[in-house]
Amino acid sequence: MAQDFVSELKSGKDIITAWSGIPNGLVVEALLTAGYHTVTLDMQHGFHDISSTLTCVASAKMLGQRLIVRIPVGEWGTASRALDMGAAAVIAPMINTVEDAKAFAGAMKFPPVGARSWGPGRAMLVTGQHDQSTYLTSANDETLAIAMIETREALDNLDAILAVPGIDGVFVGPSDLSVTFSDGAEINQFGENTISVIEDIAARTIAAGKIPCIFAILPEQLKLSRSLGYRLCALSTDGGAIARGAAQLLSEAQD
Ligand code: 3PY
Ligand code: MG
């Protein structure tokens, strides 16, 4: 497959993904053109669906890049479909137990690692593969299954989740982490209740030889995350980036 963010991540490069909730390929084109390495299409809280995922994957392909999809909670079938549509990685929210991690990895990886069902015609077009056998033997390594760690239960099970074959990395959701760690008392993404947890997750993930990933709303949070070892970092949502850019333009025009 072409050199893309998955191979770059595996070769040690830090990657920044945009986070898209606006279900339109033009947004993906603008974000990739702005310099993001990739874009995550959010089907959990954003408004992406099967149809927008199909067109966004094509938009990214036009610019020589592949995308990530975040599926809704527990939708393992959608994880396989995202790969079939040509996504390079899938992020699964609320992976709290080893059973969750096994079900997710099962949907993402072909045997013997998992039980992904065969049907990657579109994925082969997107990745420029023409040989089915090559796709079968390379896809497990060239796509990423990333499990979100967002609760106390997930943290308790972290080492066991990291040990599940087929789980390539874990992704910290700092919003849910702050809500669950405060028992619903606060939403404070990199606050004092969660920062040591965020540090601990990075250290344990690196020790397990897997990829630490996290969501940052602000550039300062991304820099802090990188200093802790996070390698795939989301930065802002598409709506947030548009609002921030627009506010900046307006303020410069009125200086
Ligand atoms: C969280 O912070 O909880 C997330 O899911 C990131 O989008
Ligand atoms: Mg979350």
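For the structure itself, consult the block above.
Thresholds, definitions, all that
Residues numbered from 1 in each chain as written. Chains lettered and ligands numbered in written order. Predicted model: local features only at pLDDT ≥ 70, side-chain atom pairs only at ≥ 80, totals over all residues. Heavy atoms only, no water. Helix = DSSP H or I, 4+ residues; strand = E, 2+ residues; numbered from the N terminus. Buried < 20%, exposed > 50% of the residue type's maximum accessible area, 1.4 Å probe, protein only. Contact = heavy atoms within 4.5 Å. Areas by Shrake-Rupley, 256 points an atom, 1.4 Å probe, with all protein chains shown as cover. Lys, Arg positive; Asp, Glu negative; His and termini not counted. Charge placed at Lys NZ, Arg CZ, Asp CG, Glu CD. Pairing = 2+ DSSP bridges. Axes fitted to C-alpha atoms, helices over the stretch in contact; angles between N-to-C directions. Donors = N, O, S within 2.8 Å, 3.2 Å for Na, K, Ca; no water. Core = buried A, V, L, I, M, F, W, Y, C linked by side-chain atoms within 4.5 Å. Near = heavy atom within 4 Å. Polar contact = N/O pair within 3.5 Å; in protein donor to acceptor, adjacent residues only side chain to side chain. 1 Å grid on protein atoms, 1.4 Å probe; cavity = no way out; pocket = protein on both sides within 12 Å on 5 of 7 lines; lining within 4 Å. Sits in = over half its atoms within 2 Å of the grid points. Parallel < 35°, antiparallel > 145°, perpendicular 65-115°, else oblique. Left-handed = near helix turned anticlockwise from the far one by under 90°. Nonpolar A, V, L, I, M, F, W, Y, C, P; charged D, E, K, R; others polar.

**Student:** Teacher, can you tell me more about the overall build of the protein chain here?
**Tutor:** Each helix and strand counted, the protein chain has 13 helices and 8 strands in total. If one aligns the C-alpha atoms of the protein chain with their principal axes, the spans along those axes are about 55 × 45 × 30 Å. Evaluated residue by residue, the protein chain yields a buried proportion of 53% over its 255 residues. Within the protein chain, counting contacts between residues at least 6 apart in sequence, those at least 24 apart form 62% of the total. For the protein chain, the accessible area works out to roughly 10,900 Å², and carbon and sulfur atoms hold 57% of it. Looking at charge distribution, the protein chain has the averaged site of its 17 positive side-chain charges lying 6 Å from that of its 28 negative ones.

**Student:** Teacher, can you tell me more about the sheet that holds strand β5 (residues 144-149) here?
**Tutor:** Adjacent strands of a sheet pair through backbone hydrogen bonds, lying either parallel or antiparallel. Taken together, 8 strands build a closed barrel; the order of strands is β1-β2-β3-β4-β5-β6-β7-β8 and the barrel is parallel. Within the sheet, the average angular offset between the axes of one strand and its neighbour, ignoring direction, is 25°. With 4 bridges joining them, β5 and strand β6 (residues 169-172) adopt parallel strand pairing. Paired with Ile-149 across the strands is Val-172, a residue of β6. Sheet strands touched by helix α12 (residues 219-227): β1 (15-20), β7 (211-216) and β8 (232-237). Its angle to β8, the strand with the most contacts, is close to 170°.

**Student:** I tried to follow the coordination of the magnesium ion (ligand 2) on my own but got confused; where do I start?
**Tutor:** Ideal values differ by geometry: the angle at a metal is 109.5 degrees with four tetrahedral donors, but 90 or 180 degrees with six octahedral donors. Note on the magnesium ion (ligand 2): its protein donors are Glu-150 (OE) and Asp-176 (OD). The metal-donor distances range over 2.0 to 2.1 Å. Here the residue Glu-150 occupies a position in the loop between β5 and α8 (152-156), and Asp-176 occupies one in helix α10 (residues 174-181), the gap between them amounting to 26 residues. Classification of Glu-150 by relative accessible area gives buried; the value is 2%.

**Student:** I would appreciate a short explanation of the nonpolar core in the present structure.
**Tutor:** Side chains of nonpolar character tend, in soluble globular proteins, to be buried together. Within the largest apolar cluster, 55 residues are counted, with the highest numbers of intra-cluster contacts made by Val-28, Val-39, Leu-67, Val-90, Phe-104, Ile-201 and Tyr-230. Take this core: its biggest share by element is 6 residues, from helix α5 (residues 98-108). When residues no more than four places from it in sequence are discounted, the contact partners of Phe-104 are Trp-76, Ala-79, Val-90, Ala-92, Ile-95, Ala-145, Ile-146, Ala-147 and Ile-167. Counting residues in hydrophobic clusters, the runner-up holds 18 residues, among them Ile-15, Phe-171, Phe-215 and Ala-234.

**Student:** Looking at this model, I keep getting lost on the site of ligand 1. Mind explaining?
**Tutor:** Around ligand 1, the surrounding shell consists of Trp-19, Arg-70, Met-148, Glu-150, Gly-173, Pro-174, Ser-175, Asp-176 and Phe-215. For ligand 1, an oxygen atom lies 3.1 Å from a polar atom in the backbone of Pro-174. Within the backbone of Asp-176, a nitrogen or oxygen atom sits 2.9 Å from an oxygen atom of ligand 1. Compared with its free state, where it exposes 230 Å², ligand 1 has 92% of that area covered by protein. Among the cavities detected, the one that contains ligand 1 is the largest pocket.

**Student:** I'm lost on the packing of helix α4 (residues 76-85) against α5 in this one. Help?
**Tutor:** Two numbers describe a pair of packed helices, the interaxial angle and the distance between the axes. Contact geometry of α4 with α5 gives a least axis separation of 8 Å together with a crossing angle of 30°. With respect to α5, the element α4 is oriented roughly parallel. Of the two elements, α4 crosses α5, and the hand of that crossing is right-handed. Packed against α4, whose contacting residues are Trp-76, Ala-79, Ser-80 and Leu-83, the element α5 presents Asp-100, Ala-103, Phe-104, Ala-107 and Met-108 at the interface. Taken together, the residues of the contact of α4 with α5 sort by class into 7 nonpolar, 1 polar and 1 charged.

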